[in-house]
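# Report on the structure
One letter stands for each residue in the lines below.
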Amino acid sequence: MAPKFNLTNIPKSPFWSISSLFFTSSLIFIFILCFSLFFLSSKPSPAISSFPTTNSIKIFVPDLPRSLNYALLDQYWSLTNDSRLGSDVDNIIRLTRTQLGKRVDYDYPLYPESPLIKQYSAEYWIMGDLMTPAEMRSGSFAERVFDVEMADVVFVPFFATISAELQLGVNKGVFRKKGGNEDYERQRQVVDFVKRMKAWRRSGGRNFVFVITDPVAMWHVRAEIAPAILLVVDFGGWYRLDSKQTNGSSQHMIQHTQVSLLKDVIVPYTHLLPGLDILENQKRHNLLYFKGAKHRHRGGMVREKLWDLLVNKPGVIIEEGFPNATGKEQSIRGMRSSEFCLHPAGDTPTSCRLFDAIQSLCIPVIVSDDIVLPFEGMVDYSQFSIFVAVSDALQPNWLVDHLRGYSGSQKDLFRQSMARVQPIFEYDSGHPGGIGPIPPDGAVNHIWRKVHEKLPMIKEAIIRERRKPRGVSVPLRCHCT
């Protein structure tokens with residue numbers, strides 16, 4: 001009869017004892033590892049995600065005439081006067097550029113301080129980084145190459161904002177026309193130049209990069225540059241009426257097929273107010289602050305309704321105006337003395353007001369059902385901002401009651417997270433003319449890292465385009481989210 005199988009039937013050899021010990025130790029190690037990973041993963045997610053290990057993106061800069069970039073700044077500063085809102089400070093700078101009645105030009109002129117223009121200055125700082133000598137660019141994610149065959153992308157060095165603003169300042173009446181419009185002539189010159197490049201014909205322009213931060217920049221040629229990588233502050237300037245479906249009777253706005261989060265990059269506005277260090281933060285006596293124009297268009301209709309709901313509420317400050325020379329100090333005081341800063345849509349979904357709030361450590365209250373923000377995926381805005389549905393915000397008393405419900409410790413955590421992301425939205429390198437080393441954790445590097453994220457999709461689109469049969473065209477589609 002065969003013996004029964006039980007533990008007492010197993011020979012007690014030294015080998016069995018060692019195996020048992022090893023098996024038990026392995027189980028304990030696995031348990032400790034799983035336990036540690038669980039608690040590590042349960043920590044709150046940081047406001048800033050770590051960067052991938054990729055070292056750089058390779059960028060080729062075609063040799064456009066200086067008349068399409070820095071000479072436009074010379075032209076701006078040569079104006080005897082600019083009467084538009086917020087240009088007083090630039091009129092003072094113009095006086096310093098004149099010596100003994102003779103105008104002085106610089107290789108790399110200053111960018112305007114007028115807030116109407118300065119808020120769109122990304123083109124200047126991105127270009128300045130690329131023009132900086134290689135030995136000074138060790139902190140740049142962008143590696144400039146001088147052979148287009150080695151490049152990941154081609155950066156088009158056109159100051160589209162300055163070109164548009166010059167035309168608006170000199171002769172606004174022809175801005176939407178082509179005849180007599182110098183801005184249109186410059187746009188045409190840029191597009192004709194890049195389209196003659198073999199690199200454009202090879203990729204259909206898909207790996208070319210244009211900076212179009214001003215909502216009206218490149219107005220006449222947008223359809224032609226639509227396949228390219230567009231650096232924009234939001235998609236507000238690209239909306240259009242779908243008149244075919246609505247017979248021209250609806251005011252419903254849809255996003256244009258020319259922009260997409262699959263290929264384009266949302267970049268920050270340049271903030272207009274100075275940064276506040278968290279160690280300098282003081283007790284805030286107001287609940288909510290907003291300074292801006294009440295009457296806007298498109299999504300700005302919500303702003304008018306919010307204004308009427310909030311204007312007389314205790315602890316809420318609502319002011320008409322713009323942070324120009326006279327209103328800047330008022331804006332600084334208002335944002336630094338308030339717990340929350342209201343951010344409703346205006347002519348476009350976003351504005352520099354959001355980035356002024358971040359620099360002022362004033363917790364942004366973003367009233368929007370559909371907004372795109374810079375560097376999402378790298379930055380978690382929910383760690384330092386409050387997002388509110390339009391339908392909730394427009395209920396009487398709802399928004400004020402909701403904001404009063406946040407505890408002091410919650411607001412402190414918001415501000416601590418905000419202080420950590422402040423450098424990410426900083427363009428200014430602190431160097432004259434924008435020529436010099438940039439902060440490794442600043443806006444310019446984040447923009448190029450975001451472009452780098454798009455490259456696999458862009459390369460795939462280029463390959464798909466090449467293998468299409470001749471004569472076949474595929475209509476543009478909107479893939480915005």
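The coordinates are above.
A brief structural summary. (Residues numbered from 1 in each chain as written. Predicted model: local features only at pLDDT ≥ 70, side-chain atom pairs only at ≥ 80, totals over all residues. Heavy atoms only, no water.)

## What about the overall build of the protein?
For clarity, the cut-off: Only DSSP runs of H or I covering at least 4 residues are called helices, and only runs of E covering at least 2 are called strands; the numbering of each starts at the N terminus. Contacts are assigned to residue pairs that have any heavy atoms within 4.5 Å of one another.
Across its full length, the protein carries 17 helices and 15 strands. Within the protein, contacts between residues at least 6 apart in sequence are counted, and of these 72% link residues at least 24 apart.

## Observations regarding the state of the cysteines
The line we're drawing: Note on terminology: disulfide denotes any pair of cysteine sulfur atoms within 2.5 Å. Three labels apply to residues, based on accessible area from a 1.4 Å probe with only protein chains included: buried if under 20% of the type maximum, exposed if over 50%, partly exposed otherwise in between.
Taken as a whole, this structure holds 1 disulfide when the rule is applied. The residue that forms a disulfide with Cys341 is Cys362, at a sulfur-sulfur distance of 2.2 Å. In this structure, the disulfide formed by Cys341 and Cys362 twists by about 105° around the S-S bond and is classed as right-handed. Here Cys362 lies in the loop between α13 (352–359) and β14 (363–367) and Cys341 lies in strand β13 (residues 338–344), a separation of 21 residues in the sequence. On the accessibility criterion, Cys362 (0% relative accessible area) is buried.

## Some remarks on the packing of helix α6 (residues 160–171) against helix α7 (residues 182–195)
In helix packing, the relevant descriptors are the interaxial angle and the interaxial distance, both defined with respect to the helix axes. Worth spelling out the cut-off: For helices, the fitted line uses only the C-alpha atoms of the stretch in contact; every axis is such a line through C-alpha atoms, and the angle between N-to-C directions lies from 0 to 180 degrees. Each angle is binned into one of four classes, with values under 35 degrees roughly parallel, values over 145 roughly antiparallel, values of 65 to 115 roughly perpendicular, and all other values oblique. Each residue gets one of three labels, nonpolar for Ala, Val, Leu, Ile, Met, Phe, Trp, Tyr, Cys and Pro, charged for Asp, Glu, Lys and Arg, and polar for the others, Gly among them.
Where α6 contacts α7, the two axes come as close as 8 Å, and the packing angle between them is 160°. Judged on the interaxial angle alone, α7 and α6 are roughly antiparallel. Contact residues: α6 offers Ser163, Ala164, Leu166 and Gln167, while α7 offers Glu182, Asp183 and Arg186. Of the residues belonging to the contact of α6 with α7, the class tally is 2 nonpolar, 2 polar and 3 charged.

## Observations regarding helix α5 (residues 122–131)
Counting buried residues along α5, 9 of its 10 residues qualify, which places the element largely inside the surrounding structure. Residues Ala122, Glu123, Tyr124, Trp125, Ile126, Met127, Gly128, Asp129 and Leu130 constitute the buried set of α5.

## A short note on the pairing of strand β1 (residues 57–60)
How we decide: Strands were regarded as paired on the criterion that DSSP finds at least two bridges between them.
The sheet contact formed by β1 and strand β4 (residues 142–145) spans 4 bridges and is parallel. Paired with Phe60 across the bridge in β4 is Val145. Where β1 and strand β5 (residues 153–155) come together, 2 bridges link them in parallel fashion. Note on β5: the bridge partner recorded for Ile59 is Val153.

## Brief notes about the sheet that holds strand β11 (residues 286–292)
Strand order in the open sheet formed by 5 strands is β12-β11-β13-β14-β15, and the pairing between neighbours is parallel. Two strands in the sheet have a free side with no partner beyond their single neighbour: β12 (316–320) and β15 (386–388). The mean angle between the axes of side-by-side strands here comes to 25°, regardless of whether they run parallel or antiparallel. With 3 bridges connecting them, β11 and β13 associate as parallel partners. Among the inter-strand pairings, Leu288 is bridged to a residue of β13, identified as Phe340.

## Here's the deal with the side chain of Gln422
What counts here: N or O atoms closer than or at 3.5 Å make up a polar contact, with two conditions inside protein: a donor-capable atom paired with an acceptor-capable one, and, for residues adjacent in sequence, both atoms drawn from side chains.
Along the chain, Gln422 turns up in the loop between α16 (408–421) and α17 (443–466). A distance of 3.1 Å separates the side chain of Gln422 from the backbone oxygen of Gln359, its partner in a polar contact. Sequence-distant contacts of Gln422, that is, excluding residues within four places in its chain, are made with Leu276, Ile358, Gln359, Ser360 and Leu361.

## A closer look at the pattern of salt bridges
For the record, the criterion: Whenever a carboxyl oxygen of Asp or Glu lies within 4 Å of a side-chain nitrogen of Lys or Arg, that contact is scored as a salt bridge.
Under the defined criterion, the tally for this structure stands at 16 salt bridges. With a closest N to O distance of 3.1 Å, Glu113 and Lys118 form a salt bridge. Residue Glu113 is classed as partly exposed on the basis of its relative accessible area, which comes to 34%. Across the salt bridge formed by Glu149 and Arg202, the nearest N and O atoms sit 3.4 Å from each other. Placement of Glu149 in the loop between β4 and β5 and of Arg202 in helix α8 (residues 198–203) is noted, with a sequence separation of 53 residues between them. On the basis of relative accessible area, Glu149 is assigned to the exposed category, the value being 55%. If you follow the salt bridges from partner to partner, you end up with Arg188, Asp192, Lys195 and Glu224 in one network.

## Some details on α17
Note the following rule: Under the convention used throughout, the expected extent of a helix is 1.5 Å for every residue step, that is, one less than its residue count. To obtain the bend at a residue, axes are fitted to the seven residues ending there and to the seven starting there, and the angle between these axes is taken.
With 24 residues, α17 should reach 34 Å at 1.5 Å per residue; the first-to-last C-alpha distance of 34 Å fits that figure. By the largest-angle criterion, Leu455 marks the main kink of α17, which is about 40°, and a proline, Pro456, follows within four residues.

## Topic: the sheet that holds β5
The sheet built from 6 strands is open, its strands ordered β4-β1-β5-β6-β7-β10 with parallel pairing. Looking along the sheet, the strands with just one partner apiece sit at the ends: β4 and β10 (265–266). Pairing of strand β7 (residues 229–232) with β10, which is carried by 2 bridges, proceeds in the parallel orientation. The residue bridging Leu231 from the neighbouring strand is Val265, located in β10. Sheet contacts for α5: β1, β4, β5, β6 (208–211) and β7; angle to β4, the most-contacted strand, approximately 60°.

## As for unusual backbone geometry
Phi at Met218 takes a positive value of approximately 55°, unusual for a residue other than glycine. Inspection of the secondary structure assignment puts Met218 in the loop between β6 and α9 (222–225). When its relative accessible area of 1% is taken as the criterion, Met218 is described as buried. In this structure, Leu361 takes a positive phi of about 60° despite not being glycine. Tracing the sequence through the fold places Leu361 in the loop between α13 and β14.

## Overview of the side chain of Lys454
Our working rule: In this tally, Asp and Glu contribute negative charge and Lys and Arg positive charge; neither His nor the terminal groups of the chain are included.
In this structure, Lys454 sits in helix α17. Summary of buried charges: Lys454 has no salt-bridge partner, and the nearest side chain of opposite charge, Glu453, is 5.9 Å away. Among residues more than four places away in sequence, those in contact with Lys454 are Leu261, Leu262, Lys263, Asp264 and Val265.

## Here we look at the nonpolar core
Here is the rule we go by: For our purposes a nonpolar core is just a set of buried Ala, Val, Leu, Ile, Met, Phe, Trp, Tyr and Cys residues, chained together by side-chain atoms within 4.5 Å.
By size, the foremost hydrophobic cluster in this structure holds 117 residues, and its most contacted members are Ile126, Phe155, Phe208, Phe210, Leu231, Leu288 and Trp448. Looking at which element gives the most residues to this core, the answer is α17, with 8 residues. Ile332, Met335, Cys341 and Cys362 belong to the second largest nonpolar core, which has 7 residues in total.

## Structural notes on the environment of Gly180
Its location among the elements puts Gly180 in the loop between α6 and α7. Residue class for Gly180 comes out exposed when judged on its relative accessible area of 55%. For Gly180, the residues in contact, after removing those within four places along its chain, are Gln167 and Val174.

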